[in-house]
Structure formats: structure tokens, C-alpha cells
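Geometric and topological summary
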Amino acid sequence: TSYKPEECRRAFHLMLQDAKLFQDYLEENLRYGEGKRKWKHAGFPLVKSLNIAGADMVVREIKNGLGAFIGDWVAPPGVIPAKVSGGQSQRLVITRTLVHGGRFICFDEPTSAMDALAETAFFERLHSALKGRGIIYISHRFSTVRRATRILVFDAGQLIEDGSHEDLLLNGGRYAELYQQQARWYQ
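Residues numbered from 1 in each chain as written. Predicted model: local features only at pLDDT ≥ 70, side-chain atom pairs only at ≥ 80, totals over all residues. Heavy atoms only, no water.

**Some points on the side chain of H165**
Mapped onto the fold, H165 is located in helix α8 (residues 165-171). Exposure remark for H165: the relative accessible area of 2% places this residue in the buried category. Here H165 is in contact with R146, I151, Y175 and Y179, once residues within four sequence places are set aside. (Helix = DSSP H or I, 4+ residues; strand = E, 2+ residues; numbered from the N terminus. Buried < 20%, exposed > 50% of the residue type's maximum accessible area, 1.4 Å probe, protein only. Contact = heavy atoms within 4.5 Å.)

Take a look at the structure:
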């Protein structure tokens, strides 16, 4: 099978857990790298992306909304930068990921700065919106991975288990051990 590297790159988009907002206006942050694309845009419109990520409320809370300058150490003369929390920043970075889109979207610990209610609501909106696209989660949080159709468990860089959440629990391997360890704090 042959493929064009640029087509493969367009098919995937990755959000790293340590992704940051840039010292720039909020809308520019969310559209960063979009440029003048010559190919069909694979992502969602900005407003829909904000809603899926739960960042629409963040934009409403920030003075000047999408026109706010985000940053904590530099701003244009006469502009007071807006500050965002870790959870707000994470929602905005998720928005940027959705704007860029792709047939496959990979999230590395996408909800680590969200509370349980925000996390649940986000995943419900995300799964509803991304039907027909591949979603890849990289996570240590069972609240995230148990939603997956297929879970791959790695240890020391080696694939050691593969299956659904239920299958992996029944197998009693490393996944089940880690799940039970984490679950005991909730009992």
C-alpha cells in the first residue's frame, strides 16, 4: 500500500498532556497553525470545538472573550493579559485539537485537570461528536481508558495485554491489578 506522507499527517492530530497556550490572543491560540490550507479542513468549526471541549464557558468568563490576550509574562502595550486556570487551559488546548481535527485524534491525558463531572460531560460530548472518527487515549486514568473499545496495556515499553475493559478485568493480569489498586480508593 502506498500513501502520501502529507495525507497521513493530515489524518492524525495529537494533543499532548503538557500542551500549552501561547502568549497571544485567544482566537489566534485556538487557530494556531491553521494557516491557509489547500486541503479540505478535517476539524470542527471553532464554535463547535469550543462546545465539545466545554471551553465555551471559559470564553464567556474571560473579559474580551476570543479577543482576550492570554499570557502571564508579556502582552502588547496597554493590554492586560487574561489568566486561565489549568482546567481552563486544558479545555482550550482540546479546542485547538478539535479545530485541527483529523480522521484520528489522539489525546494524551486529556482530562487530568478536570473534575469528575466536567470529565464525564466532556467525554459524552466528544464521543457523540466524533462518531466515525478514531479516538486514541493515552492515559493512566481508568475513568478515561475504560470508555475505549480496545485497550492496549504497555509495561516497560512492551505490549502485555489487549482487550476490552471487561475482558482485561476477567483476565486478572496487570490491567486488573492496577484497576483494583485505583478502585480501592473509591470504596
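We are not done yet, so read on.
**Some words on the environment of L98**
Here L98 lies in helix α5 (residues 86-100). Between the C-alpha atom of L98 and that of V47, which follows or precedes it by 51 residues, the distance is 10 Å. Apart from the residues lying within four places of it in its own chain, the contact partners of L98 are G43, F44, S49, I52, A53, I105, F107 and L126.

**Quick notes on the nonpolar core**
In this structure, L92, I94, L98, F107 and L126 are the most contacted members of the largest nonpolar core, which totals 31 residues. Counting residues per element, the ones that place at least two in this core are α2 (26-31), α3 (46-53), α4 (56-61), α5, β4 (104-108) and α6 (116-129). Beyond its immediate chain neighbours, meaning those up to four positions away, I94 contacts M15, A53, F107, P110, M114 and F122. One finds I151, V153, Y175 and Y179 within the second-largest nonpolar core, a separate group that totals eight residues. (Core = buried A, V, L, I, M, F, W, Y, C linked by side-chain atoms within 4.5 Å.)

**What to know about the packing of aromatic side chains**
Remark: the centre distance and the inter-plane angle together describe each pair of aromatic rings, the angle taken between the planes. Throughout the structure, instances matching the rule amount to nine aromatic pairs. Ring geometry for F142 against Y175: centres 5.1 Å apart, planes inclined by 75 degrees, an arrangement best described as edge-to-face. Separated by 33 residues along the polypeptide, F142 in helix α7 (residues 142-145) and Y175 in helix α9 (residues 174-183) bring together distant segments of the chain. Of the two residues examined, F142 and Y175, each falls in the buried class. Three or more aromatic residues link up through ring pairs in this structure, and these residues are F107, F122, F123 and Y137. In this structure, R133 is placed above the aromatic ring of F44, and the distance from its NZ or CZ to the ring centre is 4.6 Å. (Phe/Tyr/Trp six-rings, centres within 6.5 Å; stacked < 30°, edge-to-face > 60°. Lys NZ or Arg CZ within 6 Å of the ring centre and 35° of its normal.)

**Points about the sheet that holds β4**
Taken in spatial order, the three strands make up an open sheet running β1-β4-β5, and their pairing is parallel. This sheet does not close on itself; its edge strands, each paired only once, are β1 (12-15) and β5 (134-138). The sheet shows a mean angle of 15 degrees between the axes of neighbouring strands, taken without regard to direction. Bridge analysis of β1 against β4 gives four bridges, and the strand direction is parallel. (Pairing = 2+ DSSP bridges. Axes fitted to C-alpha atoms, helices over the stretch in contact; angles between N-to-C directions.)

**Overview of the packing of α3 against α5**
Contact pair α3 / α5: the axes reach a minimum separation of 8 Å and the direction vectors enclose 135 degrees. It follows from the interaxial angle that α3 and α5 lie oblique. Considering how the two elements wind past one another, α3 and α5 form a crossing that is right-handed. Packed against α3, whose contacting residues are L46, S49, L50, I52 and A53, the element α5 presents R91, L92, I94, T95, L98 and V99 at the interface. Considering only residue class, the contact of α3 with α5 consists of eight nonpolar, two polar and one charged. (Parallel < 35°, antiparallel > 145°, perpendicular 65-115°, else oblique. Left-handed = near helix turned anticlockwise from the far one by under 90°. Nonpolar A, V, L, I, M, F, W, Y, C, P; charged D, E, K, R; others polar.)

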